[in-house]
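Descriptive analysis of the structure
For reference, the chains in residue letters:
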Amino acid sequence: MFTIVIILIVTLIVLAIMINAIQQHKEKVEAERRTEIAKQKSIVDETENVLLASGQIPVSPNLALIMHKRIYNALKIILELNPKAADIKQRVKESSERINNITPSPAEVDENITLPDNDKQIILCIQSLKKLRALLRSEHSKGKVDTQTFIAEDKRLDRMQLRVNVDTLYRRADSAIKSQMMGSARQYLEKAIIALSNFPAQDEYTKTKKAHLEQLLNQIQENLRNSNAEDAARRLEKEKDELDVLFAPKKKW
């Protein structure tokens, strides 16, 4: 009898341990599931926000397709982890239809960007370009974008980022010129010229823009030299007048 009691106690203990282990495993699986869903939702939100913020950026069909596939793949994973989510099922369907309506195109895309009106919008534009490049690199590292497409799109985004930076500096230089702040204008133009000179992929835009900015810079430097020469002449004339007064013969009364 005593032996049976011991066996029952041991069995209960083992059963309790097994139930606890199963429960812990279930909790771990559920926690991992929630973490993965949160991760994929973050990917969807991040990509949608970047596409929304990049409204002033000419996004190529290839890049748009890459971004929408990124959203679609994340939504599919969420649906697999939560099959009963009707809203996610609908979003997967809509995302799939959106992808089917995008036609990849190898043709060149217009890279001209209309510069926003204020600095806050310009900063958002630059941030969007940087974020698009980061997401593109991420998809390429996962093997979801072929190398040829990645290189082409990354270079295009890099050129647009250069244009925004240079055009912003040019706008500030122009504003400084109108305010007669020639020193500041010279600094803005020098920064823009350096950015154009250091850009690895030189093309018609970089050469033409650089030549135009260098011409403006030369005009400003010439104006500053003339202004400095005039100031020096005025100072010399003033010192001469003061010396003439100092050493002029005293009048006898």
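Along each chain, residue indices are assigned from 1 in the same order as the chain's sequence is written. Local features are withheld for residues below a pLDDT of 70 in this predicted model, meaning they are given only at 70 or higher, and side-chain atom pairs are given and counted only at 80 or more; totals for whole chains, interfaces and linings count all residues. Only heavy atoms go into the side-chain values, all of them from the structure, while hydrogens and water stay out.

Time to look at the confidence of the model for the chain. Every residue gets a pLDDT, meaning the predictor's confidence in that residue, from 0 to 100. In the predicted model, the chain carries a mean pLDDT of 84, and 87% of its residues have values of at least 70. Within the chain, helix H7 (residues 204–247) has the poorest average pLDDT of any element, 70, and helix H2 (residues 61–81) the best, 94. Here residues 242–248 is modelled with pLDDT under 50, and outside its nearest four sequence neighbours on either side it reaches 0 contacts, counting other chains as well. Strands here are runs of E lasting at least two residues and helices are runs of H or I lasting at least four, both read from the DSSP assignment and numbered beginning at the N terminus. Contact definition: two residues touch when any of their heavy atoms are within 4.5 Å.

A word on the side chain of Arg133. With respect to the element layout, Arg133 can be found in helix H4 (residues 119–141). A 3.5 Å cut-off defines polar contacts: any pair of N or O atoms within that distance qualifies, except that in protein one atom must be a possible hydrogen donor and the other a possible acceptor, and neighbouring residues in sequence count only when both atoms are side-chain atoms. A polar side-chain atom of Arg133 sits 3.0 Å from a polar atom in the side chain of Asp154. Non-local contacts of Arg133, meaning those with residues more than four positions away in its chain, are made with Asp154, Leu157, Asp158 and Gln161.

Once that is clear, we can look at the packing of aromatic side chains. Stacked, edge-to-face and tilted labels apply to pairs of Phe, Tyr and Trp rings (six-membered ring for Trp) whose centres lie within 6.5 Å, assigned for plane angles under 30 degrees, over 60, and everything in between, in that order. Under the counting rule described, the total for this entry stands at 0 aromatic pairs. Distance and angle both matter: a charge sits over a ring if NZ of Lys or CZ of Arg is within 6 Å of the ring centre and within 35 degrees of the ring normal. Across from the ring centre of Tyr205, 4.1 Å away, lies the NZ or CZ of Arg163, which sits over that ring.

This brings us to the environment of Ile113. Here Ile113 shows up in the loop between helix H3 (86–100) and H4. Along the primary structure Ile113 and Asp167 are separated by 54 residues, whereas in three dimensions their C-alpha atoms are 9.6 Å apart.

Further remarks concern the nonpolar core. What makes a nonpolar core is a set of buried Ala, Val, Leu, Ile, Met, Phe, Trp, Tyr and Cys residues whose side-chain atoms join them at distances within 4.5 Å. To sort residues, take the accessible area from a 1.4 Å probe on protein chains only and compare it with the maximum for the residue type: under 20% means buried, over 50% means exposed, and anything in between is partly exposed. Counting residues in each nonpolar core, the largest one holds 19 residues, and the members touching the most others are Leu129, Leu132, Leu136, Leu157 and Val164. Elements with a minimum of two residues in this core: H2, H4 and helix H5 (147–178). Sort the elements by how many residues they give to this core and H4 lands first, with 7 residues. Residue contacts for Leu132: discarding those within four places in its chain leaves Val50, Ser54, Ile57, Leu63, Met67 and Leu157. Formed by 18 residues, the second largest nonpolar core is a distinct cluster that contains Leu169, Met182, Ile193 and Leu217.

So, about H4. Here a helix's expected span is defined as the number of its residues, less one, multiplied by 1.5 Å. Between its terminal C-alpha atoms H4 stretches 33 Å, which fits the 33 Å expected from 23 residues at 1.5 Å a residue. Every buried residue belonging to H4 is among Ile122, Cys125, Ile126, Ser128, Leu129, Leu132, Arg133, Leu135, Leu136 and Glu139, and all of these are buried. In this structure, the buried side of H4 is in contact with helix H1 (2–53), H2 and H5. If you check the start of H4, you find a side-chain oxygen 3.2 Å away from the backbone N of Lys120, and it comes from Asn118.

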